[in-house]
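Residues per chain, in single letters:
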Amino acid sequence: MPLPHRGRNSRVAGSRVASTSLPRATAHSPRRAGRGAPSSSHAQRLTRRRHSSEQVPPGPEPEADFRSGKWLQERAGGDTRDSRQAARAGMGSRHRICSREEVVIPCASDNDSGSVDLQLSNLENIEKDPSSLELTDSNISDIAELSREPLTDSFRRLTQKDPLSESIVERLIQSIQEVFDGELQSELEKLTFLRSLSSLSRTLPYDDTTESFIHSHIEDVVCILNMLVEEEPVHSLLSSVLQEVFVTIADLSYQGVHLLSGSEDGADLFSLITKSIITLPSVTTLIQLQEIMPSGSYNTECLYRQTFQAFSEMLQSLVVEDPHLENLDTIFKQMDPWLQSTKDHERERATASMAQVLKCLSRHLSLKLPLRFQRLGHRVALLALLCGDPVKEVAEEAAAGTHYLLHITLRLKYISYDKNHPSLRRAMKKCRELLELYSIKRFYSCPFKIAQVFEVFLNSNELCQFVMTILDSLENLKHPSTQQSAGELLLTLVKNAESRFEKVPEIMGVICARLCIISQPRVRRQIINTVSLFISRPKYTDIVINHLLCHPVPYDRHLGELWRTLEVELPSTTWILWRLLRKLQKCHNAPTQEKMAYVAVAATDALYEVFVGNRLRAATFRLFPQLLMTLLIQIHHSIGLTMSDVAIPSGLYTEQEMSSEVTPLCFAIQATKTLLLRTLCWQEFNIMEKNKGWTLLEGKECHLQGVSLLANALLERNRLLAHKVMYLLVPLLNRGNDKHKLTSAGFFVELLQSPVARRLPSIYSVVRLKDWLHHGNSVFKFLALKGLRYLIKHQEMREGIKSLLPCILDLLCETDEKIVLLAIQILLQLVGTMDFTTLTAMMKTLFSLFGDVRPDVHRFSMTLFGASIKSVKYTDKKSVENQVLDSLVPLLLYSQDENDAVAEESRQVLTICAQFLKWKLPQEVYCKDPWYISPREAGAVCRFFGKKCQGTVNLLAQTLMFSKNAKLPIRRAAVLFVGLLLKYVDHSELRMKGTDWIENDLRDLLGDPEPSLRIIASRALFRVQKVGAEPDPRQSVCGLRNLIRCLPT
């Protein structure tokens, strides 16, 4: 049955075309110059003479002007009109000789001069005034070299002048079908099949049978092409089969049949043919292989150039009609690994191919929504990196490709955005201004300028792609110049894009991971400066800090270097340091947790690194009060903790063991030391060293002593900084948990010694200290009393402190010795201003402290008691006389205390009491020898007090109470005093009351382990018994009278 034939009234039947004589279809497209097409213009024959890092060996012919797009006349010996005809010239049915010839690129238009400059005069017809900035389609199309060529004049003119007859079409189909059913053996059969398929594709526009046949056998075609490519040798180029595969795919693509997309097999074929051409050895190597192992009459250099040109044409055929940029995205994906290849010739081939594809697309761009071109930022970054390639040819090709990609980007963004959207209008204006400053020709010499031009068109996601690509490439870029280009590109983009990034944590993650592989100091500096730019933007400061704090501590040398060498402008230094400090402060303000937050430890180590680097010096001085107090509080929180007590994020230390020497406390101490040194507090540091202040800070029980030592050192050596700390602490004392408050309070209280403290409002000084007096924690009570002791020196503050006397008096009964002593010291300052009621109440309390087991409490309670007696007014003396008399025996006995200070203070207060009573004490009272070895002095003392107190004070009862005192000297003195007092008491009265209570106490002492006490007790007991055995004198008188009455008168 005759095949249907569109646009034909009759169909000529013909015999099957022989494989050896099959004619090639004649195309009038400039894409296939030399296949029967008329000669193209000189400008249309733009091509690339070299497609590898090696140059074509010099010959007598003139060199090609690559950058101008002109290919000079090749030497004689090849047909410049038909590349494949020339490849077959002089060959038999199986072998054809390939000679040097001219290769034509179809994407160049007649008006293409090959220049990569943008004609800025036609960039936009826009007024300089931004207010009049409006975009229209003509604005975009007027940009130089961006105008689209009509497809009918270039790629659409594929229909032959004389269409193939129906018989030839039928024979072509039959021959192709036979291949589907059989197999291809020889090179000639392969070439015949490919040319038949290519010729048949030309009939698609007008033949329904061809269309039906080809579309129904696409899978078979893909399978056979895949097989043909796989059968080609990997490391050599011995035939033109690969070239014909490319030509055939291109011919089908021009007719709308895309073999390389739409299916998994097609994608695999695309990957295979790309690899087959890109991975060929360099031209020099191919020529050397041909010389060593001749393989026929092919000219290897010429055959390679033709094959590569066919590959480029094939790629261009995919984008001629690509309104959604789907095919361009596919091509980029295939070329991605080769654009980043470590081999120069592979990188150059991939770059040259992409440059031609982008140029072709820019000439025939007709975009429609939706656009499927993905990862624009990644593509721009790749080309920008290649513009800095050490191989000059690669850099030049990349610069040209970047130029064409800019054209495409302009149109792409114009299509995607509202035409008069302010951001697009600003972007166009900025692009024009930048291009006026930088010639695109200089892209390959100054790649960082690409970032400046493209940045205005990249959205936040594409900016991130650009940065990620640059960072990822650092792992593979071994050449120093390429690494420098990467660093400059990254820094330039971040500078210009400012705050338009979104995936900053991901960017920081890659930067931190790549720092360890960057060895060049300059590139490391650029990468760190990039981090500095991000961290200095308020929008990203917390994001960057949070990410950097999520690394193992202590930081490795790379992260340590990053913290130490941050380059930030002066206005931003305080902000950055403050945000880092706030991370630590928030951990202190949070409720107490079972484990310390890891952020607290990481932030402390980060502060240490920042101090060591000293790049934020001005901010360190400005924030010194906050930094110092926060670190002291961190020390308090860290005491006694190990890293096992820290809530470490899971997986953070999977690759390394945590040293037992690493503790939260060591980080806090080293940060505090470094802070003092960096803020020139050398004398304060020295004071801490000499007085073991750092050891005190690290102790659980003595931490506040270390805090006090540092506060006093600062107050002594640097009053200005001390005052700044004091003013800082005023509003912060009641914030945070107990450890936070205690450290702050300990530092604040020491600063109250400064004269500046008198300027503080009472609500921030006396009132706050009053609150601490009622605090449940005794440490706060101690700090409150310490602060009051400092403030009482200021006369104007005494009145406020007097109102706290009841609270202070209550503290005399505290079990904490330090609290009682401080309370006594304050009361000593106020005793002269007390009213009589308060004074008597205090004296009673102090009397109860006589004999306290705490020597200092005992001593100073007597001191305050003596001061109280002196303060009694004349009119009130009678009222306190009994209290004074009751204190005489205790004071007298405690003058025999083993503690010399207590004994001396007792004698001093005893003197005060005697003066109050207007007595003159005998000199024996001041004898420092114990009474039991100085009986004469003891007797004189007893005689004096026995006579003075007779009838007013029960000296015997008071003294006997001390016979049970815990201290041996007091017990011994009491028993000795009892024995001596018996001489001066009224024996009759004593016998009336009985002596049993005295004898019982003395008998108990006979079993005391101390021999001297037993002897003295036995003597005293004997005297008591002797008094009890004496007859009552009154009874003797009565008996005598009775006897006289009985006598006779």
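Predicted model, so just to flag it, every value in this text is computed and none were measured.

Engineer: Is there a simple way to explain the pattern of salt bridges in this structure?
Structural biologist: For the structure on display, the rule yields 32 salt bridges. Among the salt bridges present, the one from lysine 190 reaches glutamate 231, with a minimum N-O distance of 2.8 Å. With lysine 190 in helix α4 (residues 187-201) and glutamate 231 in helix α6 (residues 218-231), this residue pair connects regions lying 41 residues apart in the sequence. Since its relative accessible area comes to 40%, glutamate 231 is described here as partly exposed. Salt-bridge contacts for aspartate 542 lead to lysine 583; the nearest nitrogen and oxygen are separated by 4.0 Å. Here aspartate 542 is found in helix α21 (residues 538-548), whereas its partner lysine 583 is found in helix α23 (residues 570-589), with 41 residues between them in sequence. Relative accessible area serves as the criterion here: at 24%, aspartate 542 is assigned to the partly exposed category. Overall, the relative accessible area of 12% leaves lysine 583 in the buried class.

Engineer: Quick question: what am I supposed to make of helix α18 (residues 480-497) here?
Structural biologist: For α18, spanning 18 residues, the distance from its first C-alpha to its last is 26 Å, which sits close to the expected 26 Å at 1.5 Å a residue. Those residues of α18 not exposed but buried are Thr482, Gln483, Ser485, Ala486, Gly487, Leu489, Leu490, Leu491, Thr492, Leu493, Val494 and Ala497. Of the residues flanking the end of α18, it is glutamate 498, one or two places downstream, whose phi is positive at about 55°.

Engineer: Hey, could you run me through the layout of surface pockets in this one?
Structural biologist: A water-sized probe rolled over the atoms picks out the places where empty space is left. The computed volume of the largest pocket comes to approximately 510 Å³. Lining the largest pocket are 18 residues, with Lys700, Glu701, His703, Leu704 and Val779 sitting closest to its centre. Listed by contribution, the elements that provide at least two residues to the lining of the largest pocket are α30 (703-717), α32 (738-751) and α34 (778-791). Considering only residue class, the lining of the largest pocket consists of six nonpolar, five polar and seven charged.

Engineer: Explain the packing of helix α26 (residues 624-638) against helix α31 (residues 719-729) to me, please; I cannot follow it from the model alone.
Structural biologist: Packed helix pairs are specified by the crossing angle of their axes together with the interaxial distance, meaning the distance between the axes. Orientation of α26 relative to α31, taken along the N-to-C sense of each, is 70°, at an axis distance of 9 Å. Between α26 and α31, the crossing angle belongs to the class labelled roughly perpendicular. Of the residues in α31, those touching α26 at Phe624, Pro625, Gln626 and Met629 are Leu721, Lys724, Val725, Leu728 and Leu729. Class assignment for the residues of the contact of α26 with α31 results in seven nonpolar, one polar and one charged.

Engineer: Whenever I open this one, a positive patch on the surface confuses me. Can you help?
Structural biologist: On the surface, a cluster of positive charge is contributed by Arg943, Lys947, Lys983, Arg1019, Arg1023 and Lys1026. Listed by contribution, the elements that provide at least two residues to the positive patch are α43 (935-948) and α48 (1011-1029). Mapped onto the secondary structure, lysine 983 falls in the loop between α45 (968-981) and α46 (987-993).

Engineer: Quick question: what am I supposed to make of a nonpolar patch on the surface here?
Structural biologist: Judged by side-chain polarity, Leu677, Leu680 and Trp682 come together as a nonpolar surface patch covering roughly 300 Å² of accessible area. Inspection of the secondary structure puts leucine 680 in the loop between α27 (664-678) and α28 (682-690). By relative accessible area, which is 41% here, leucine 680 ends up partly exposed.

Engineer: Just checking my understanding: could you explain the environment of leucine 197 for this structure?
Structural biologist: Summarising the element assignment, leucine 197 is placed in helix α4. Counting along the chain gives 48 residues from leucine 197 to valine 245, while the straight-line C-alpha distance between them is 10.0 Å. Ignoring anything within four residues of it in the chain, the contact list for leucine 197 reads Ile176, Val221, Thr248 and Leu252.

Engineer: How should I be thinking about the side chain of serine 638 in this particular structure?
Structural biologist: Looking at the secondary structure, you find serine 638 in helix α26. Dropping the residues within four chain positions of it, serine 638 is found in contact with Met596, Pro664 and Leu665.

Basis of the calculations
Residues numbered from 1 in each chain as written. Predicted model: local features only at pLDDT ≥ 70, side-chain atom pairs only at ≥ 80, totals over all residues. Heavy atoms only, no water. Salt bridge = Lys/Arg side-chain N within 4 Å of Asp/Glu carboxyl O. Helix = DSSP H or I, 4+ residues; strand = E, 2+ residues; numbered from the N terminus. Buried < 20%, exposed > 50% of the residue type's maximum accessible area, 1.4 Å probe, protein only. Expected span 1.5 Å × (residues − 1). 1 Å grid on protein atoms, 1.4 Å probe; cavity = no way out; pocket = protein on both sides within 12 Å on 5 of 7 lines; lining within 4 Å. Points joined across faces, edges and corners; volume = space filled by probe spheres on them. Nonpolar A, V, L, I, M, F, W, Y, C, P; charged D, E, K, R; others polar. Axes fitted to C-alpha atoms, helices over the stretch in contact; angles between N-to-C directions. Parallel < 35°, antiparallel > 145°, perpendicular 65-115°, else oblique. Contact = heavy atoms within 4.5 Å. Patch = residues over 30% accessible without salt bridge, like charges linked within 9 Å, V, L, I, M, F, W, Y side chains within 5 Å. Areas by Shrake-Rupley, 256 points an atom, 1.4 Å probe, with all protein chains shown as cover. Lys, Arg positive; Asp, Glu negative; His and termini not counted. Charge placed at Lys NZ, Arg CZ, Asp CG, Glu CD.

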